[in-house]
Amino acid sequence: MRGVLIDIDGVLTVSWRPLPGAVDALAWLRRTGHPLKLVTNTTSRSRRWIADTLADAGFDVGIDDVVTAPVATAAYVAEHFAGARCLVLNSGDIGEDLAGLDVVTDGTPDVVLVGGAGPEFSYDALNTAFRHVQRGARLVAMQRNLFWRTDSGLQLDTGAFLAGLERAAKVEADVVGKPAASFFASALRLIDVAAEDAMMVGDDIESDVLAAQRAGLTGVLVKTGKYLPETHARADGTPDHVIDSFADLPDLLRGG
């Protein structure tokens, strides 16, 4: 393997605190010359904030190493819906990553952008999104994760609400972040590595690992973050590799 794509939340950190051995493992990848990108569905923080926070925690990371679903979503909307009025349903400040989009808070949007779940996902907000999508607005989701892990345990995420919107409005959202094959492909282009020469390391067996395998990458599942044995057992596929944590990745790559 040459290139390595790495999820952040649940793989390198939990609640933005490094998991044991993660800093050293990433440093090893740097020393051994593996091209890499950190690919995340995180929608509550900007790409700059993520990079700065990881650097402060000891990771050898800069802003250009981070690929986020919001940045990919902004590029997707600009390409496919140029000039569209966008209503954003999201928890967190990602304004700088949506630069260039016409984000509106009232009126009639052309696109409803669904980001990460949180207190902003109230009945009124979801019902407003539903009405606009019923009327014909395009539904675009930055990701469709069902949950993620924090210091307080597992928390509901976008996918739990997105499924209801899709079913109620009888539409299927355009999903831009993981598990979309285009998201992995765009990250690989940035490191100039072919899918067959790259691996994806994640804690979400469906969105991270199996989705990457369907896109031609080698999938590595870590037993940290949101990993659950029952989810692993029920998954529609088998990871290429399963390791206890990201700290074990150097041994895997060395053939240990």
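Notes on the structure follow.

Definitions and cut-offs
- Residues numbered from 1 in each chain as written.
- Predicted model: local features only at pLDDT ≥ 70, side-chain atom pairs only at ≥ 80, totals over all residues.
- Heavy atoms only, no water.
- Helix = DSSP H or I, 4+ residues; strand = E, 2+ residues; numbered from the N terminus.
- Buried < 20%, exposed > 50% of the residue type's maximum accessible area, 1.4 Å probe, protein only.
- Polar contact = N/O pair within 3.5 Å; in protein donor to acceptor, adjacent residues only side chain to side chain.
- Phe/Tyr/Trp six-rings, centres within 6.5 Å; stacked < 30°, edge-to-face > 60°.
- Lys NZ or Arg CZ within 6 Å of the ring centre and 35° of its normal.
- Pairing = 2+ DSSP bridges.
- Expected span 1.5 Å × (residues − 1).
- Arc of directions from axis to C-beta.
- Contact = heavy atoms within 4.5 Å.

**Things to note about the side chain of aspartate 65**
Assignment of secondary structure puts aspartate 65 in the loop between helix H2 (47-56) and strand S5 (66-68). Aspartate 65 gets classed as buried once you look at its relative accessible area, which sits at 15%. A distance of 2.8 Å separates a polar atom in the side chain of aspartate 65 from the backbone nitrogen of glycine 62.

**Quick look at the packing of aromatic side chains**
According to the stated counting rule, one finds 3 aromatic pairs in the structure shown. Relative to tryptophan 49, the ring of tryptophan 16 has its centre 5.1 Å away and its plane inclined at 80°; by these criteria the two rings are edge-to-face. Linking tryptophan 16 in the loop between strand S2 (13-14) and strand S3 (17-18) with tryptophan 49 in helix H2, this pair joins segments that are 33 residues apart in sequence. We classify tryptophan 49 as partly exposed; its relative accessible area is 30%. Between tyrosine 76 and phenylalanine 81, the ring centres sit 6.2 Å apart and the planes meet at 65°, which makes this aromatic pair edge-to-face. Here the basic side chain of arginine 45 rests over the ring of tryptophan 49, its NZ or CZ set 4.2 Å away from the ring centre.

**Here we look at the pairing of strand S11 (residues 153-156)**
The side chains of a regular strand alternate between the sheet's two faces. The pairing of strand S10 (residues 147-150) with S11 spans 4 bridges and is classified as antiparallel. Along S11, the bridge assignment pairs phenylalanine 147 with leucine 156. Where S10 folds back on S11, the antiparallel hairpin that results is connected by 2 residues.

**Brief notes about helix H4 (residues 123-135)**
The end-to-end C-alpha distance of H4 is 18 Å, a good match for the 18 Å that 13 residues give at a rise of 1.5 Å each. Those residues of H4 lying buried are Leu126, Ala129, Phe130, His132 and Val133. What you see down the axis of H4 is that its buried residues fit within an arc of 165°, all on one side. Along H4, exposed side chains directed more than 90 degrees from the buried face belong to Tyr123, Asp124 and Gln134. Each element contacted by the buried residues of H4 is listed here: strand S6 (85-89), strand S8 (111-114), strand S9 (138-141) and helix H5 (158-169). The first or second residue beyond H4 is glycine 136, which carries a positive phi of 130°.

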